[in-house]
Amino acid sequence: MTIAAYWAWSAWDPREGGFHSAQGSGGLGFAFPAALAAAVGSGRHTLAVSGDGGAMYGIAELAAARQHDADVTWLIVDDGGYGILREYMTDAFDRTTATELARPDFVALAGAFGIPARHTDPEHLRDTLAEALATPGPSVVVLGATLQMFAPTHLS
Ligand SMILES: Cc1ncc(C[n+]2csc(CCOP(=O)(O)OP(=O)(O)O)c2C)c(N)n1
Ligand SMILES: [Mg+2]
């Protein structure tokens, strides 16, 4: 549940089996533990995508990823808070409340679990991700970016 994923819903066909999301229940915290389990179960390197807010719901799973040397990469899109709520509130009320978050240095946090991690930006994302996905074991990539809402998500 992050703005990048709302865009991905339109770009990926889940029937192909390569993409899975918590679109039905919408629960924050699903992505990383699900991708970790998928990596262990499938033997393939998997990618989880979370926002900075949602990432806070799954931090403990970094220990499990390290313990099992799972081939899982976690992309955390850090826009400073609950981005989608920021967009909804601005649209509806022209102001926001409680959307900006105190959050950890995710790169340092992953490092504390013994997991390689690095910051990236939209320009370097493709290369950074490709490198992480080609490296065995868990890894974390933190993308500093503020994405715009995929408009129809709140209309259907
Ligand atoms: C367990 C849970 N708590 C609260 C929500 C409500 N909620 C949906 S999206 C969202 C903001 C998520 O922020 P972030 O993960 O940073 O993603 P962004 O919108 O910034 O891309 C919240 C709080 C939820 N879906 N699930
Ligand atoms: Mg966010």
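Residues numbered from 1 in each chain as written. Chains lettered and ligands numbered in written order. Predicted model: local features only at pLDDT ≥ 70, side-chain atom pairs only at ≥ 80, totals over all residues. Heavy atoms only, no water.

1. Overview of the site of ligand 1
For ligand 1, the set of nearby residues contains 18 residues, the closest of which are T2, G26, G53, G54 and G83. One of the side-chain nitrogen or oxygen atoms of D52 is found 2.9 Å away from an oxygen atom of ligand 1. At a separation of 3.5 Å, a nitrogen atom of ligand 1 approaches a polar side-chain atom of Y57. Burial of ligand 1 by the surrounding chains reaches 78%, relative to a free accessible area of 590 Å². Partitioned by chemical class, the residues of the shell around ligand 1 number 8 nonpolar, 8 polar and 2 charged. (Near = heavy atom within 4 Å. Polar contact = N/O pair within 3.5 Å; in protein donor to acceptor, adjacent residues only side chain to side chain. Areas by Shrake-Rupley, 256 points an atom, 1.4 Å probe, with all protein chains shown as cover. Nonpolar A, V, L, I, M, F, W, Y, C, P; charged D, E, K, R; others polar.)

2. Considerations on the pattern of salt bridges
As enumerated under the stated definition, the model contains 7 salt bridges in all. One salt bridge in this structure joins R86 and E100, with 2.8 Å as the shortest N-O distance. You can see R86 sitting in helix α5 (residues 83-93) and its partner E100 sitting in the loop between α5 and α6 (106-112), a full 14 residues away along the chain. Overall, the relative accessible area of 17% leaves R86 in the buried class. Overall, the relative accessible area of 51% leaves E100 in the exposed class. Between E131 and R118 there is a salt bridge whose closest N-O contact spans 3.1 Å. One end of the pair, E131, is in helix α7 (residues 125-134); the other, R118, is in strand β3 (residues 117-120), and 13 residues separate them in sequence. (Salt bridge = Lys/Arg side-chain N within 4 Å of Asp/Glu carboxyl O. Helix = DSSP H or I, 4+ residues; strand = E, 2+ residues; numbered from the N terminus. Buried < 20%, exposed > 50% of the residue type's maximum accessible area, 1.4 Å probe, protein only.)

3. Structural notes on the nonpolar core
F32, L62, V72, W74 and V140 are the most contacted members of the largest nonpolar core, which totals 19 residues. Secondary-structure elements contributing two or more residues to this core are α2 (31-42), α4 (61-67), β2 (72-78), α6 and β4 (139-144). The element that contributes the greatest number of residues to this core is α2, accounting for 4 residues. Residues contacting V140, with those up to four places away along its chain left out, are L62, W74, I76, A110, I115, P116, A117 and R118. One finds L75, V77, L129 and A145 within the second-largest nonpolar core, a separate group that totals 8 residues. (Core = buried A, V, L, I, M, F, W, Y, C linked by side-chain atoms within 4.5 Å. Contact = heavy atoms within 4.5 Å.)

4. Topic: the environment of T73
Within the fold, T73 resides in strand β2. On the basis of relative accessibility, which here comes to 0%, the residue T73 falls in the buried class. Separated by 25 residues in sequence, T73 and A48 place their C-alpha atoms 6.2 Å apart. Apart from the residues within four sequence positions on either side, T73 is in contact with H45, T46, L47, A48, L129, A132, L133, S139 and V141. Within the structure, the side chain of T73 is placed 2.8 Å from the side chain of H45, a separation counted as a polar contact.

5. Things to note about α2
The end-to-end C-alpha distance of α2 is 16 Å, a good match for the 16 Å that 12 residues give at a rise of 1.5 Å each. Next to the buried residues of α2 lie β1 (46-51), α4 and β2. Of the residues trailing α2, G43 is marked for its positive phi of about 75 degrees. (Expected span 1.5 Å × (residues − 1).)

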